[in-house]
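Observations on chain architecture
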Amino acid sequence: QVQLVESGGGLVQAGGSLRLSCAASGRTFSSYDMGWFRQAPGKEREFVASINWNGGSTYYADSVKGRFTISRDNAENTVYLQMNSLKPEDTAVYYCAVSYSSMYSIRRSEWRHWGQGTQVTVSS
């Protein structure tokens, strides 16, 4: 069983940067494709980015492409989300999860072991 703990959220001005971390427990972390989702108030949880088991492939939602970078350190059992050029519409709770299908799936139902989330607020 994998347990995920997100951190690194906070309040930042538009145009600023934040780096989110997702620490995973369990010896099999390096075998999983991982992803980040976000959920804004009153909206559905949406896919943000994903990375394959060895970090060799990444995939991004169009809304964050060119601004966000996902990476992982399997030795540290951690996946990261570097967020640059933040916009007020990036405000949301950010969650990491494990893929039970394809890293290219944006369906929430195909991701498991959700963490508790970390709040990101971008002021204008």
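The following refers to the structure shown. (Residues numbered from 1 in each chain as written. Predicted model: local features only at pLDDT ≥ 70, side-chain atom pairs only at ≥ 80, totals over all residues. Heavy atoms only, no water.)

**Topic: the side chain of His-113**
- In this fold, His-113 is placed in the loop between strand 10 (111-112) and strand 11 (118-123).
- At 3.5 Å, the side chain of His-113 and the backbone oxygen of Val-2 are in polar contact.
- Side chain to side chain, His-113 and Tyr-100 meet in a polar contact 2.7 Å long.
- In contact with His-113, not counting residues within four places along its chain, are Gln-1, Val-2, Leu-4, Cys-96, Ala-97, Val-98 and Tyr-100. (Helix = DSSP H or I, 4+ residues; strand = E, 2+ residues; numbered from the N terminus. Polar contact = N/O pair within 3.5 Å; in protein donor to acceptor, adjacent residues only side chain to side chain. Contact = heavy atoms within 4.5 Å.)

**Looking at the sheet that holds strand 1 (residues 4-7)**
- Strand order across the open sheet formed by four strands is 1-3-8-7, with antiparallel pairing between neighbours. One side of each edge strand has no neighbouring strand; the edge strands of this open sheet are strand 1 and strand 7 (68-73). Pairwise comparison of adjacent strand axes, ignoring direction, gives a mean angle of 15° for this sheet.
- With six bridges joining them, strand 3 (residues 18-24) and strand 8 (residues 78-83) adopt antiparallel strand pairing. Bridge pairing in strand 8 places Cys-22 opposite Val-79. (Pairing = 2+ DSSP bridges. Axes fitted to C-alpha atoms, helices over the stretch in contact; angles between N-to-C directions.)

**Some words on the environment of Thr-91**
- Structurally, Thr-91 can be placed in the loop between strand 8 and strand 9 (92-99).
- Discounting residues that sit within four places of it in the chain, Thr-91 has contacts with Ala-40, Gln-119, Val-120, Thr-121 and Val-122.
- Among the polar contacts made by the side chain of Thr-91, one reaches the main-chain carbonyl oxygen of Pro-88 at a distance of 2.9 Å.

**Here's the deal with the state of the cysteines**
- Going through the model one piece at a time under the given rule, you end up with one disulfide.
- Between Cys-22 and Cys-96 runs a disulfide, and the two sulfur atoms are separated by 1.9 Å. Every disulfide takes its handedness from the sign of the S-S torsion; for Cys-22 and Cys-96 that torsion is 60°, giving right-handed. With Cys-22 in strand 3 and Cys-96 in strand 9, the pair connects residues that are 74 residues apart, well separated along the chain.
- For Cys-96, a relative accessible area of 0% puts it in the buried group. (Disulfide = S-S within 2.5 Å. Buried < 20%, exposed > 50% of the residue type's maximum accessible area, 1.4 Å probe, protein only.)

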